[in-house]
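What the coordinates show
Below are the chains, spelled out letter by letter.
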Amino acid sequence: RFFYVPFAPKDYRDHDEVLDVLFQAVLRRRTVRLAYRKPSGRRNWHSFHPFTMVLYRDAIYILGASDRHAQPIYLAVDRIEELEVTGEKFRIPKDYDPEKMTRDGFGIWSGKECEVALRLSGRAAEQVPERLHQRTVRLSTTQGGDVLLKAKLRGWQELAWWILSWGRDIEVLSPPDLRRYVAEEHQAAARLYGGD
C-alpha cells in the first residue's frame, strides 16, 4: 500500500560494525574517538559526542559535538574509517535541538546567513511552491506568470545544487556570489556538451 523509492541511496553493507557502535554510543551517551575521511581524502581524528542519527537524502549521518568544532556537526557514517568507544559519558546540552539546526537552512549544511531571491518559471513555477515550506520563504507571482521566491537562509551551497537541477527554470537574482556560482556551473556544463 505504500512504497518508498530512494534517491541514489548509499550502500552500508560494509559499515555494520560502525553503525552498531554508533547506535550504542547514541543510546548510552558514550563518547567515541573516530578517524573521519574528508572528501579530499585527508583524515581527521575527532573526540565525538554522538547526539543523533540522521537520515538525509538516503544517507546516514551522525550529528554531535566534536572537539574540533565549536558547534555540533554532521559526519557521514560511510566516511568513518576507525571508531572506538571511550569510557567517557557525555550530557546533551539543554539547548540542543536538531530541528533548530536545519530550520533556516536548505538541507543539513549551513553557512553564513544570506538573503536569496530566485525567479521561477516553467516547471519550477508550478512545482516549487508546493514543496518549499521553510519559514522564511516568501512567494509572489509576476504578471507574466513567473514566481519570485525570497528567503533568508543559513548558507547557499545545497540550495545551489538544487537550483542547478532545475536548469533554465530557475534564475538566481541574488546574492551575487550564488548567481555567479550557478552561472559558472551552467557555462561549464554548456561547454561540456557544446561540441555535440
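Summary of the structure given here.

Quick word on the overall build of the protein chain
Counting its regular elements, the protein chain contains five helices and nine strands. When the elements of the protein chain are put in sequence order from the N terminus, they spell out α-β-β-β-β-β-α-β-α-β-β-α-β-α. Dimensions of the protein chain, computed from C-alpha atoms along their principal axes, come out at roughly 65 × 45 × 45 Å. When burial is assessed residue by residue, the protein chain has 35% of its 196 residues classed as buried. Counting only contacts in the protein chain whose residues sit at least 6 apart along the sequence, the fraction spanning at least 24 positions is 61%.

Some thoughts on the packing of aromatic side chains
Going through the model one piece at a time under the given rule, you end up with eight aromatic pairs. Judged by centre distance (6.4 Å) and plane angle (55°), the rings of Tyr56 and Tyr61 are tilted. Judged by relative accessible area, which is 18%, Tyr56 ranks as buried. With a centroid separation of 5.9 Å and 75° between ring planes, the pair formed by Tyr74 and Trp109 is classed as edge-to-face.

Describing the pairing of strand β1 (residues 30-37)
For β1 and strand β5 (residues 80-89), the ladder comprises six bridges, and the chain directions are antiparallel. When the bridges of β5 are listed, Arg30 appears paired with Lys89. Across six bridges, the pairing between β1 and strand β2 (residues 43-56) is antiparallel. Across the sheet, the residue bridging to Val32 is Phe48, located in β2.

Some remarks on a negative patch on the surface
Residues Asp14, Asp16, Glu17 and Asp20 make up a contiguous surface patch of negative charge. Secondary-structure assignment places Asp16 in helix α1 (residues 16-28).

With respect to the side chain of Thr31
Turning to its location among the elements, Thr31 is positioned in strand β1. At 3.3 Å, the side chain of Thr31 and the side chain of His49 are in polar contact. If we ignore the near neighbours within four places in the chain, the residues touching Thr31 are Ser47, Phe48, His49, Glu84, Val85, Thr86, Glu88, Lys89 and Phe90.

Concerning the pattern of salt bridges
This structure, assessed with the given rule, holds 10 salt bridges. Glu81 is the partner of Arg43 in a salt bridge, and the nearest nitrogen-oxygen pair spans 2.8 Å. Remark: Glu81 occurs in strand β5 and Arg43 occurs in strand β2; sequence separation between them is 38 residues. Of the residues examined, Arg43 reaches a relative accessible area of 37% and is grouped as partly exposed. For Asp169, the salt bridge identified is with Arg123, shortest N-O distance 3.3 Å. Residue Asp169 is located in the loop between α4 (157-165) and β9 (170-174), and its partner Arg123 is located in helix α3 (residues 122-131); the two are separated by 46 residues in the primary sequence. Note on Asp169: relative accessible area 13%, which makes it buried. A relative accessible area of 42% places Arg123 in the partly exposed class.

About the cut-offs
Residues numbered from 1 in each chain as written. Predicted model: local features only at pLDDT ≥ 70, side-chain atom pairs only at ≥ 80, totals over all residues. Heavy atoms only, no water. Helix = DSSP H or I, 4+ residues; strand = E, 2+ residues; numbered from the N terminus. Buried < 20%, exposed > 50% of the residue type's maximum accessible area, 1.4 Å probe, protein only. Contact = heavy atoms within 4.5 Å. Phe/Tyr/Trp six-rings, centres within 6.5 Å; stacked < 30°, edge-to-face > 60°. Pairing = 2+ DSSP bridges. Patch = residues over 30% accessible without salt bridge, like charges linked within 9 Å, V, L, I, M, F, W, Y side chains within 5 Å. Areas by Shrake-Rupley, 256 points an atom, 1.4 Å probe, with all protein chains shown as cover. Salt bridge = Lys/Arg side-chain N within 4 Å of Asp/Glu carboxyl O. Lys, Arg positive; Asp, Glu negative; His and termini not counted. Charge placed at Lys NZ, Arg CZ, Asp CG, Glu CD. Polar contact = N/O pair within 3.5 Å; in protein donor to acceptor, adjacent residues only side chain to side chain.

Any link to function would need more than the numbers given here.
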